[in-house]
Amino acid sequence: MAKDERTSKATIPAPEPERAKLNRELAQMLKGGVIMDVTTPEQARIAEEAGACAVMALERIPADIRAAGGVSRMSDPHMIKGIQAAVSIPVMAKCRIGHFVEAQVLQAIDIDYIDESEVLSPADDVYHIDKTQFAVPFVCGARDLGEALRRIAEGASMIRTKGEPGTGDVVQAVSHMRLIDAQIRHVVSLRADELFEEAKRLQVPIELVRSVHESGRLPVVNFAAGGVATPADAALMMQLGAEGVFVGSGIFKSGDPAKRARAIVGAVTDFNDPEKIASLSEDLGEAMVGINKDEMDLLMAERGK
Amino acid sequence: MATAVLALQGAFAEHEARLAELGEKTFELRSPEDLARSFDRLVLPGGESTVQGRLHEELGMLGPLRERIVDGMPVLATCAGLILLAQRLAAHDDKGTPRLATMDVTVERNAYGRQLGSFHAVAEVAGVGRDVPMTFIRAPRVVDAGPKAQVLARVNGDAVAVRQGVQLGLAFHPELDQDLRLHQLFLSL
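Keep in mind that what you see is a predicted model, and the values were worked out from it rather than measured. (Residues numbered from 1 in each chain as written. Chains lettered and ligands numbered in written order. Predicted model: local features only at pLDDT ≥ 70, side-chain atom pairs only at ≥ 80, totals over all residues. Heavy atoms only, no water.)

*Asks:* It is not clear to me how helix 10 (residues 206-215) of chain A should be interpreted in this structure. Could you clarify?
*Replies:* Because each turn of an α-helix spans 3.6 residues, side chains separated by three or four positions end up pointing in the same direction. Residues and elements named next belong to chain A. Residues of helix 10 that are buried: Ile206, Leu208, Val209, Val212 and His213. The arc that holds the buried residues of helix 10, viewed along the axis, is 160°, so those residues lie on one side. Of the exposed residues in helix 10, the ones pointing more than 90 degrees away from its buried face are Glu207 and Glu214. For helix 10, the secondary structure elements touched by its buried residues are helix 7 (145-153), helix 8 (171-189) and helix 9 (195-202). At the exit of helix 10 stands Gly216, carrying a positive phi of roughly 70°. (Buried < 20%, exposed > 50% of the residue type's maximum accessible area, 1.4 Å probe, protein only. Helix = DSSP H or I, 4+ residues; strand = E, 2+ residues; numbered from the N terminus. Arc of directions from axis to C-beta. Contact = heavy atoms within 4.5 Å.)

Shown next as structure tokens:
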């Protein structure tokens, strides 16, 4: 059997052209919202009740993946279906970088968004998934503009910072957001005839560099992720230009998840109002115990460039 | 005067951009203090209806907004906004999310399923014209429009645009397409 026959057989029919637009537009509906990691239907209901705009269904939150070590994979579809049945907001799930069959499985169970995520163990150390072959939308992590635009070229319809998941330490998300923003400002400042060299330097298609040059932003919605643990962390990311926030371990690793979840949602809505954030930050109980990146052996942000 | 665009969560910036193209002044309604600013029109944008309902409840903005709508302030409600405006939600779907409940319609949330059910259509809207582009993202469906509500457009038999006096409720997202006719209709109300 020819190689191309095999791949074409395995994939679901190519999505209609308007799919890419619809998928970017779902991300637009999530803006100004908080996407929360949940591991059970009960947690999903707490997240929805607290005002999450979507949930990420996974078996173990990043902090526990980090603690457990070993290989971490896509979650059990049965577990994801339980969460889909529990809430009416969009349900996302993670597949391993490059593992297009895990992505096919997630599409087959009608997931709303796939996160091709460095939090799981990469399945391919060279190639990401060709996301243009899927009808379902993808979100991918990025540390800089080159990574973000490469993922978009591959078909991602939403970007998030990689940050450093499962740490409760926001420093990496901050530096990724600032770097992407600075690089966008640089691209905007270039002359039109300098964009070719910039595309070469960033290792991305010239059309995407032109789009950034003209619009002054990524062509898709950009959220913050990785290490957000407090309402102030979430508002910090919003003030730095994030259009919404993913909170992984920060909520269900804390003392009072429901209250902290509500507070982070409120801080993302009113990210420019310090008095409001102050009152939201009161009496939240214990935040997750953080780990500093210098104390870690595994930097997840190094996965998939 | 200006149009207040509810900016708790979702695609509010897109509405502001469309209205700016038509020369309308807008500002973002984020907290009860913003209600003191002067505005004579309101946009309820798309987003997640449960999130928006929850934030409304916390901020206590539903009561004052409802009063102004009942007093005749024009309102454009899209997708999640339509859910806020609906008097009734389909029985299996009603989680008791707080709403404005000023439009005589019954709405079913996520009526076309998950994201794979999202779609684009083109249809005629009464009083607006033919070939209006319509983007449905995890869209709600108007399952019943009462006598006070007038159906302006249907797609596959489902009512997708409903008008009741100066309230305009849309199951889709005119702010995501370049066609400005529905925003023009809103500004003429």
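What follows picks up the thread again.
*Asks:* Teacher, can you tell me more about the side chain of Ser249(A) here?
*Replies:* Residues and elements named next belong to chain A. Relative to the helices and strands, Ser249 is located in helix 12 (residues 249-252). Of the residues examined, Ser249 reaches a relative accessible area of 5% and is grouped as buried. With sequence-adjacent residues up to four places away left out, Ser249 is seen in contact with Asp37, Ile61, Pro62, Ala63, Gly166 and Met288.

*Asks:* Please explain the pairing of strand 1 (residues 34-38) of chain A as it appears in this structure.
*Replies:* When a strand is regular, its side chains alternate between the sheet's two faces. Residue and element names in this part refer to chain A. Counting buried residues in strand 1 gives five out of five residues, a clear majority hidden from the surface. Both faces of strand 1 are covered, namely the face carrying Val34, Met36 and Val38 and the face carrying Ile35 and Asp37. Inspection of the sheet shows strand 1 paired to strand 8 (residues 245-247) by three bridges, in the parallel sense. Bridge pairing in strand 8 links Val34 to Val245. Across four bridges, strand 1 lies against strand 2 (residues 54-57) in parallel orientation. When the bridges of strand 2 are listed, Asp37 appears paired with Met56. (Pairing = 2+ DSSP bridges.)

*Asks:* Would you mind showing me how to read the confidence of the model for chain A here?
*Replies:* Any segment with low pLDDT has predicted coordinates that should not be analysed in fine detail. Averaged over all residues, the pLDDT of chain A equals 92, while 94% of them reach at least 70. Taken together, the stretch residues 5-11 of chain A has pLDDT below 50 and engages in three contacts with residues farther than four places along the chain or on a different chain. (pLDDT = per-residue confidence, 0-100.)

*Asks:* In this structure, what is going on with unusual backbone geometry? I would like to understand it.
*Replies:* Backbone geometry follows two general trends: most residues other than glycine have a negative phi, and most peptide bonds adopt the trans configuration. Residues and elements named next belong to chain B. Its identity as a non-glycine residue notwithstanding, Cys79 has a phi of 55°, on the positive side. Within the secondary structure layout, Cys79 lies in the loop between strand 4 (75-78) and helix 4 (80-85). Although it is not a glycine, Arg138 sits at a positive phi angle of roughly 40°. Examined against the element boundaries, Arg138 turns out to sit in the loop between strand 8 (129-136) and strand 9 (141-145).

*Asks:* How should I be thinking about the packing of helix 9 of chain A against helix 10 of chain A in this particular structure?
*Replies:* Each pair of packed helices can be described by the angle between their axes along with the distance between the axes. Residue and element names in this part refer to chain A. The geometry of helix 9 relative to helix 10 is characterised by a closest axis approach of 9 Å and an angle of 115° between their N-to-C directions. For the pair helix 9 and helix 10, the sense of crossing is right-handed. Contacts between helix 9 and helix 10 pair Leu195, Phe196, Glu198, Ala199 and Leu202 from the former with Ile206, Val209, Arg210 and His213 from the latter. Its residues placed into classes, the contact of helix 9 with helix 10 shows six nonpolar, one polar and two charged. (Axes fitted to C-alpha atoms, helices over the stretch in contact; angles between N-to-C directions. Left-handed = near helix turned anticlockwise from the far one by under 90°. Nonpolar A, V, L, I, M, F, W, Y, C, P; charged D, E, K, R; others polar.)

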